[in-house]
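Remarks on the overall topology
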Amino acid sequence: MRFLAKLPIVLAAAAAALAAQAQDKVLNLYSARHYQTDEAMYDNFTKTTGIKINRVDADDAGIIARLKAEGAASPADVVLLVDAARMASADSQGLFQPIKSAKLDAAIPANLRADATADGVTWTGFSTRARVVVYDPLRVKAADVATYEQLADPKLKGLLCTRSGSHPYNLSLFATVVERLGDQKGEAWLKGMVDNMARAPKGGDTDQIKAVASGECGVAITNTYYLARLMKSTKAEDRAVVEKIKVVFPNQGTSGTHVNIAGAAVAKHAKNRDNAIVFMEYLASPFAQEYFANGNNEFAAAKGVKIDNPALKAMGGENFKAETIPLGSVARHMTKVQQMLDRVGYK
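Only a predicted model underlies this, so the values are computations on that prediction, with no experimental measurement involved.

This brings us to the overall build of the chain. Helix and strand content of the chain: 15 helices and 10 strands. With respect to the three principal axes, the spread of C-alpha positions in the chain is 95 × 45 × 30 Å. In the chain, which comprises 347 residues, the proportion classed as buried is 53%. Considering only contacts within the chain whose residues lie at least 6 apart along the sequence, 77% involve residues at least 24 apart. Accessible area of the chain: about 15,300 Å², with a carbon and sulfur share of 55%. One way to put it: in the chain the 43 positive side-chain charges average out to a point 1 Å from where the 36 negative ones average out.

Take a look at the structure:
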């Protein structure tokens, strides 16, 4: 009878233990990455660790807005965003928490992470993409677009096309140039680019590449994975675009080509913090790095991971010199650069 009397208590304790165990095997992921090839990466994580991933997909702005609206009640454990400027913006709004991981410190170069503090690092890059220059070889010489600084040279007047200067891809690039040149020269550089515009900034990176191929522009800026997609396309019109343009990895003789990141962070109110750190460390593993790099035509962020992507190799991206300015430090210039863009009329 005593046993029967205690049975409800025993069952309740067992149920609570099972519930806790089930919770330990869950990871809630808020992701701005929408690439089908990532599915295999997530499936492998679950098979390897037994941790089930519940995923919420949205664009970067949508994820940030959702995290702010949910506050402490947010179920998010890990947040994936696709640009250093966006990572820095979310971090500045208190949406991430610092973590310490010897594995991440060993795998990911310090310049591809937020600045370290005594409490740890708030966000980490897991893949990179280079911001390169494409040009029309019939109108522009490679030597005239060998550096980002040359994009402001008057000899390119009426030839330059870009997407919005305020887009995070450009903000990140511009912030690194301002970091190197200083405020006065950096703003003059931005003004020089405005003076060289073939038309007002519009569209995305793929639109800029196609504008060069069509003759609307002579020079444009793009992330490498957009160009790689066109190079790997089976569509005749895409192949025709690729045949009409050339690509330069800028500043190979000086500071190196600007690289941006797709990154991740542990959410401020993560309920499954340990699982989140395990997932972050998994993203730096060779298996996950190869999926990042080859699945979306990106470069691996982890040290020593080699890629085998024919398109990236063909454009000369196998051994290019990359910029090493810490993205965490550059992020502090974003507001200042936006103010510069407003002053020089870079829309």
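Continuing now.
Next up on the list: the side chain of Arg131. For Arg131, the position within the fold is in strand β5 (residues 124-135). A distance of 2.9 Å separates polar atoms of two side chains, one belonging to Arg131 and the other to Asn223. Those residues in contact with Arg131 that lie beyond four places of it in its chain are Tyr148, Arg163, Tyr169, Asn170, Leu173, Asp205, Ile221, Thr222, Asn223, Pro250, Thr257 and His258.

Further remarks concern the pairing of strand β1 (residues 26-31). Most of β1 sits out of view: 6 of its 6 residues are buried. Of the two faces of β1, the one holding Val26, Asn28 and Tyr30 and the one holding Leu27, Leu29 and Ser31 are both buried throughout. For β1 and strand β2 (residues 52-57), the ladder comprises 6 bridges, and the chain directions are parallel. If you follow Ser31 over to β2, its bridge partner there is Asp57. As for the winding sense of the linkage, the β-α-β connection from β1 through helix α2 (residues 38-49) to β2 is right-handed. In the sheet, β1 pairs with strand β3 (residues 78-81) via 3 bridges, with the strands oriented parallel. When the sheet's bridge partners are listed, Tyr30 is paired in β3 with Val79.

The subject of this paragraph is the confidence of the model for the chain. Summarising the model, the chain shows a mean pLDDT of 91, and 93% of its residues fall at 70 or more. For residues 1-23, every residue scores under 50 in pLDDT, and the model assigns this stretch 2 contacts once sequence neighbours within four places are set aside.

How each quantity is defined
Residues numbered from 1 in each chain as written. Predicted model: local features only at pLDDT ≥ 70, side-chain atom pairs only at ≥ 80, totals over all residues. Heavy atoms only, no water. Helix = DSSP H or I, 4+ residues; strand = E, 2+ residues; numbered from the N terminus. Buried < 20%, exposed > 50% of the residue type's maximum accessible area, 1.4 Å probe, protein only. Contact = heavy atoms within 4.5 Å. Areas by Shrake-Rupley, 256 points an atom, 1.4 Å probe, with all protein chains shown as cover. Lys, Arg positive; Asp, Glu negative; His and termini not counted. Charge placed at Lys NZ, Arg CZ, Asp CG, Glu CD. Polar contact = N/O pair within 3.5 Å; in protein donor to acceptor, adjacent residues only side chain to side chain. Pairing = 2+ DSSP bridges. Right-handed = clockwise from strand over helix to strand, strands pointing away. pLDDT = per-residue confidence, 0-100.

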